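Observations on chain architecture
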Amino acid sequence: MTGLAVTRVGHSCHLLEIGGRTLLTDPWFTVTPTYDPGEPLAMSVAGLPALDAIVITHEHYDHCDLDALLALRDVPVIGPGTVAVRARERGWTDVRELEAWASTTIGNVTVTATPGRHGVHEVTYVIQGGGRTVFFGGDSLLVPAFKELPGRFGAFDLALLPTNGLCVRPAGGMQVVMNATEAAELTAILRPRVAIPHHYAFTSGRLGDLMITKGDREPLAFASEVARLVPATEVRVVLPGQRVIPVSGS
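Remember, predicted model here, so these are calculated numbers, not experimental data. (Residues numbered from 1 in each chain as written. Predicted model: local features only at pLDDT ≥ 70, side-chain atom pairs only at ≥ 80, totals over all residues. Heavy atoms only, no water.)

**Digging into the overall build of the chain**
Each helix and strand in the chain was counted, giving five helices and 17 strands. Its C-alpha atoms give the chain principal-axis dimensions of roughly 45 × 45 × 30 Å. Among the 250 residues that make up the chain, the fraction classed as buried is 53%. Sequence-distant contacts, at least 24 apart, represent 60% of the contacts inside the chain between residues at least 6 apart. By element, 54% of the accessible surface of the chain is carried by carbon and sulfur atoms, the whole surface being about 10,000 Å². Side chains of the chain give 20 positive and 25 negative charges; the mean places of these two sets differ by 3 Å. (Helix = DSSP H or I, 4+ residues; strand = E, 2+ residues; numbered from the N terminus. Buried < 20%, exposed > 50% of the residue type's maximum accessible area, 1.4 Å probe, protein only. Contact = heavy atoms within 4.5 Å. Areas by Shrake-Rupley, 256 points an atom, 1.4 Å probe, with all protein chains shown as cover. Lys, Arg positive; Asp, Glu negative; His and termini not counted. Charge placed at Lys NZ, Arg CZ, Asp CG, Glu CD.)

**Topic: helix α5 (residues 220-229)**
The complete set of buried residues in α5 reads F222, E225 and V226. The buried residues of α5 occupy an angular sector of 100° when projected down its axis, which confines them to one face. Opposite its buried face, α5 presents the exposed residues L220 and R228, each directed more than 90 degrees away. Check the buried side of α5 and you find it contacts β11 (158-162), α3 (180-190), β14 (194-198) and β16 (234-235). (Arc of directions from axis to C-beta.)

This is how it looks when you write it as C-alpha cells:
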C-alpha cells in the first residue's frame with residue numbers, strides 16, 4: 001500500500017497524490033469580480049508540480065478552466081463528453097472521455113467516472129491506486145446511485161465533497177449542489193476515513209450573491225452533521241495550500 005495525500009488549491013481544485021501519481025481536479029485559476037472562489041488560491045498554474053492527469057467533472061468555468069492550462073496540453077485530460085469537446089478544441093491530444101461507470105488508467109492509478117447531477121451534465125469520480133480509494137464529488141447533488149459505490153469499490157480512504165447547497169435565484173431557487181446535510185448523508189454511505197469539504201467559499205460578487213446565487217459558506221455545518229451521522233469519519237476543514245495525508249486503516 002502506497003501513500004495518499006491531497007492539497008487544496010481552492011474551491012474544488014485539489015492536487016491529489018495517489019499511487020505514485022499526481023492528479024489535478026477541477027482546475028480553476030482565473031478569478032473575475034463575479035466569479036471568485038472566495039478564498040486565496042494556494043498556487044498559480046506556474047507553481048503546479050508535474051502532473052500526470054487533469055480530472056474534470058463538468059464544463060462550468062469554475063471547474064474547467066482549461067484556458068489557464070494551455071501550457072499543459074501534453075497532460076492527459078479526463079472528463080465527460082462535454083469536457084472532452086472543450087479540451088480537444090483547445091489542443092489537447094490525450095483526452096480520456098468517460099461517462100458513468102467507465103474507467104481509464106494513468107500508470108497504476110484507475111480513474112472511474114461515477115454518476116452525478118448538476119445544472120449541466122456532470123460526472124463524479126472514484127480514483128484508486130496503491131491500495132487507496134478516493135471519491136471526488138465535484139459539485140454534484142446527492143444522487144441515488146451513490147449508494148452503489150461501496151459495493152462496487154470497497155472501503156474509501158478519502159472523500160472530497162461539495163457542501164454549500166448552491167441555489168440559482170433566477171431559476172426559482174433551484175438547488176444545483178448538495179448541501180451540508182446531504183454531503184454528510186453521502187459520507188455516511190461511503191464511510192471514508194477522512195472527509196474534506198470544498199466548494200463552500202464561492203462568491204459571485206456582492207450583487208451576484210444577492211441576485212443570482214445563494215449558498216452556505218460555513219463548512220463547519222458539514223463537520224457537525226458528519227459527527228452526528230458517522231463519527232468514525234474524521235472531517236478536515238482544509239485551507240488552500242494545506243496538505244492532508246489520510247492514514248490507512250491497515
